[in-house]
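Residue-level structural notes
Listed below, chain by chain, are the residues.
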Number of protein chains: 2
Amino acid sequence: MTKKHASIHDVARAVGVHPSTVSRVLNARTRHLVSPSVAARVTAAARRLGYTPDQVAAGLRTRRSSTVGVLIPDLANPLFPPIVRGIESVLTEAGYTAIIANTDNAAARAREALERFAARRVDGLVLAGVVRRDPLLPRLRALGVPTVLVNRTVDAGGIPAVVNDDAAGSALAVDHLLALGHAFIGHVAGPQRLSTGAARRAGFLAAIKAAGRAVRESAVAVARSYETGAGAQAGRTLLDAHPRLTAIVAANDLLALGCYDELARRGLACPRDVSVVGFNDMPFADRFSPPLTTVHIPHRLIGVEAARLLLEAIAHPETPAREIRVAPELVVRGSTARPPRGRR
Amino acid sequence: MTKKHASIHDVARAVGVHPSTVSRVLNARTRHLVSPSVAARVTAAARRLGYTPDQVAAGLRTRRSSTVGVLIPDLANPLFPPIVRGIESVLTEAGYTAIIANTDNAAARAREALERFAARRVDGLVLAGVVRRDPLLPRLRALGVPTVLVNRTVDAGGIPAVVNDDAAGSALAVDHLLALGHAFIGHVAGPQRLSTGAARRAGFLAAIKAAGRAVRESAVAVARSYETGAGAQAGRTLLDAHPRLTAIVAANDLLALGCYDELARRGLACPRDVSVVGFNDMPFADRFSPPLTTVHIPHRLIGVEAARLLLEAIAHPETPAREIRVAPELVVRGSTARPPRGRR
DNA sequence: GTGAAAGCGCTAACAA
DNA sequence: TTGTTAGCGCTTTCAC
């Protein structure tokens, strides 16, 4: 807060009019209630005095903070900036200010952040990092703040959400590999406590089945986290169990990168020996070696839709929750090719 | 803002005590003024009623919003998330909430964001995207809000700033190339209206000179922006003018990537024919093809230092501005090698 | 150690 | 069309 902002009172005195009149002029919804000449003088005085309405004080009175809390796991994870920008763009447009907090996937930090949001009386909440059975749920319900989930969702339902169509994404990856002639495809799955991990895994299995292939549960290795190291380890498990595997669908790009590492460690070439498909299409995935074939998710759009849903929920709190599922697209690059001869 | 938060008044009534007493208990600085027994009952009632102090209302009274505005060009630029996280971590620790706004390098959007910050009565400002002669400067001064610059700085001085030691970074890159035996090194410079572009360019020239080599201004091509395409174009200019160049220092990693592209277009191999050094060490630079040798900047640390400086400025507004320069490090990877035979 | 009262800057209901 | 008044939830000075 700075030295001394001019107040509505200062403007009123300068014009020789009552403060409420100034308020009326400044508020678009009530400006027509004041005579044009006075309005003009008020506007002029406000500009001359460098008057900036105190939005916080206004919020105290109107009981709306014009503020939205955005909870994400980690801003430095390349997945989230586009989502946040999408959210922010529509929120700003609507006169809201987004407040961002990182949880680093720690439940305790998420809880603290939620309490800070509550202390600021946010008008709404966007949660980008929930787990399927999120411990925050009861507190959320108690708070009664309009909330939208984005990117990941919860098992319970009842909260509006905007997510990628993960099953469709897995199918895109599997069908691409099948079309290339791969007969034996493995899956490096993400953590199953996350909706993305579970949905991509289920989608993978369903797509294999839909193609009339044998579904072997052992062709799926679950990674402990969405990080490169975990991907390498899961890749190793998979390849140890099935040396004749010719393709891997990874549940995200980092896991795919881990698979790259494990393949290199074994002296296997990608895509010559084993094809790899990622998930997310993170920035610069086209610069990897080899350039990564991956399922592109329109992250910014997901953020935009989430913010719109939230504005809706704020305006009409009783509207039943709905889930928006956004369609992903396959981006074919250099990490997939036909399987080696004799392994089709 | 949600349905009905319990207020300090509710707590007071529950305990049968005056609201001011509740306030005293809740405020660490005045708690000792109230008897232990009453304090205990107040605390219990507050917890039972689920009372969360309204930080906004408190701010109205104390004239401190406990809020800091952070202005960045683009959150989706991998440079900024680590800086923001660094800022946020120390600000949160100190009880402040960061509000982020993106400018997309548009002066008009920066101005709007600044006004929104002013309307929220932020206690401080962190600006990450200033240009050397920033048009925001006069308005900033008028606002009188404690401000810290980060990552880039302005020519005028007088505002505390935390930046990378760009000259030192350029020297690191040049010396590395010289040590490898390169005799003719070019520079793809960043936009000169940005302090980083100017400082890295100056540092490059100075390092060449310090090594006793001829300084040719024409060995520098200035890119229009810090984007891949601009890097490719500048690289082309450079290589057209000096086909015998064996190494390029790029003013950031994206420009380096552009150089990769231009080299590929010419059928030149990196690092066999031409070595390339980047600047920033962006995430996954080690995954590029070839893995990028680059000047690592401790972005998170820079954010941390900036926030500390801001807290200092908020606490002691009259402290003279100082600039903190953080030391970069060279990370040698696969994009640099000895020059081709006959070109040393 | 506790209560009373004023007021931060604004909006909104009611009067004139 | 304009003025009056009350109060959002909190902190702080002053009395007791």
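So, a few notes on the structure that sits alongside this text.

Looking at the overall build of chain A
- A count of helical and extended segments in chain A gives 12 helices and 12 strands.
- Since a compact globule built from 344 residues should have a radius of gyration of about 20 Å, the 26 Å found for chain A marks it as more spread out than a globular shape.
- Structurally, chain A occupies a C-alpha span of about 90 × 40 × 35 Å along its principal axes.
- For chain A, buried positions account for 54% of its 344 residues.
- For chain A, restricting intrachain contacts to residue pairs at least 6 apart in sequence, the fraction spanning at least 24 positions comes to 71%.
- Accessible surface, chain A: about 14800 Å² in total, of which carbon and sulfur atoms supply 53%.
- When the 45 basic and 28 acidic side-chain charges of chain A are each reduced to a single mean position, those positions are 4 Å apart.

Looking at the protein's contact with DNA strand C
- In the vicinity of DNA strand C there are 26 residues, among which I8, Y51 and R61 of chain A together with R61 and R63 of chain B approach most closely.
- Among all atoms of DNA strand C positioned within 4 Å of the protein, those belonging to sugar or phosphate total 63%.
- Between DNA strand C and A57 of chain A there is a distance of 3.2 Å, counted from a base nitrogen to a backbone nitrogen or oxygen.
- One of the side-chain N or O atoms of R24 of chain B is found 2.8 Å from a base nitrogen in DNA strand C.
- At the level of elements, α2 (19-26) and α4 (55-62) of chain A together with α2 (19-26) and α4 (55-62) of chain B are the ones that each hand at least two residues to the surface near DNA strand C.
- Per element, the largest residue contribution to the surface near DNA strand C is five residues, and it comes from α4 of chain A.
- Residues that form the surface near DNA strand C fall into these classes: 11 nonpolar, eight polar and seven charged.

With respect to the protein's contact with DNA strand D
- Taken together, 26 residues form the shell around DNA strand D, and within it H18 and R61 of chain A together with I8, Y51 and R61 of chain B come nearest.
- Counted by atom, the contact set of DNA strand D within 4 Å of the protein is 59% sugar and phosphate.
- For DNA strand D, a phosphate oxygen lies 3.0 Å from a polar atom in the backbone of H18 of chain A.
- Contact distances for DNA strand D include 2.8 Å between a phosphate oxygen and a backbone N or O atom of S35 of chain A.
- Elements that contribute at least two residues to the surface near DNA strand D include exactly α2 and α4 of chain A together with α2 and α4 of chain B.
- The element contributing the most residues to the surface near DNA strand D is α4 of chain B, with five residues.

Looking at the relation of the copies chain B and chain A
- In the superposition of chain B on chain A (RMSD 0.1 Å, axial shift 0.0 Å), the rotation amounts to 180 degrees. On the angle and the small slide along the axis, the relation comes out as a two-fold axis.
- The fraction of interface residues of chain B whose copies in chain A are also interface residues reaches 100%, indicating that both copies meet through the same surface.

A word on the sheet that holds strand β7 (residues 220-222) of chain B
Residue and element names in this part refer to chain B.
- Here six strands make up an open sheet; going across it, the order is β7-β6-β8-β9-β10-β12 and the pairing mixed. Two strands close off the open sheet at either side, each with one partner strand: β7 and β12 (329-331). Sheet twist, expressed as the mean angle between neighbouring strand axes with direction ignored, is 20 degrees.
- Alignment of strand β10 (residues 293-296) against β12, held across three bridges, turns out to be antiparallel. Of the residues in β12, the one forming a bridge with V295 is L330.

Regarding the sheet that holds strand β6 (residues 185-189) of chain A
Residue and element names in this part refer to chain A.
- Spatially, six strands are ordered β7-β6-β8-β9-β10-β12 in an open sheet, and the strand pairing comes out mixed. The open sheet is flanked by β7 (220-222) and β12 (329-331), the only strands paired with a single partner. Averaged over all adjacent pairs, the angle separating strand axes in this sheet is 20 degrees, with direction ignored.
- The sheet contact formed by strand β9 (residues 275-280) and strand β10 (residues 293-296) spans four bridges and is parallel. Of the residues in β10, the one forming a bridge with V277 is T293.
- Where helix α9 (residues 195-210) meets the sheet, its contacts fall on β6, β7, β8 (247-250) and β9, and the angle it forms with β6 comes to roughly 170 degrees.

The rules we used
Within any chain, residue numbers begin from 1 and follow the written order of that chain's sequence. Key to labels: chains lettered from A, ligands numbered from 1, both in the order written. For this predicted model, a pLDDT threshold of at least 70 governs which residues receive local features, and a threshold of 80 or more governs which side-chain atom pairs are given and counted, while totals over whole chains, interfaces and linings are taken from all residues. Side-chain metrics in this entry use all non-hydrogen atoms of the structure; hydrogen atoms and water are not considered. Secondary structure elements follow DSSP: runs of H or I of four or more residues count as helices, runs of E of two or more count as strands, with numbering from the N terminus. For the radius of gyration, the atom set is restricted to C-alpha positions; the globular benchmark scales as 2.2 Å times the number of residues to the power 0.38. Throughout this description, buried means an accessible area under 20% of the type-specific maximum (1.4 Å probe, protein chains only), exposed means over 50%, and partly exposed covers the range between. What makes two residues a contact is simply this: any of their non-hydrogen atoms within 4.5 Å. Only the protein chains shown count as covering a residue, and every accessible area follows the Shrake-Rupley method with a 1.4 Å probe. The charge count includes Lys and Arg as positive and Asp and Glu as negative, but it does not include His or the ends of the chains. Charge placement uses NZ in Lys and CZ in Arg. For Asp and Glu, CG and CD serve respectively. We call a residue near a molecule or strand as soon as one heavy atom of that residue lies within 4 Å of the molecule or strand. Pairing of N or O atoms within 3.5 Å defines a polar contact, subject to two protein rules: one partner must be a possible hydrogen donor and the other a possible acceptor, and residues neighboring in sequence count only if both atoms are side-chain atoms. Each residue gets one label: Ala, Val, Leu, Ile, Met, Phe, Trp, Tyr, Cys and Pro are nonpolar, Asp, Glu, Lys and Arg are charged, and the others, such as Gly, are polar. Least-squares superposition aligns the copies on the C-alpha atoms of those residues with pLDDT at or above 70 in both. Note: two strands are recorded as paired if DSSP finds a minimum of 2 bridges between them. Orientation is described by axes fitted as lines to C-alpha atoms, over the contacting stretch for helices, and by angles from 0 to 180 degrees between their N-to-C directions.

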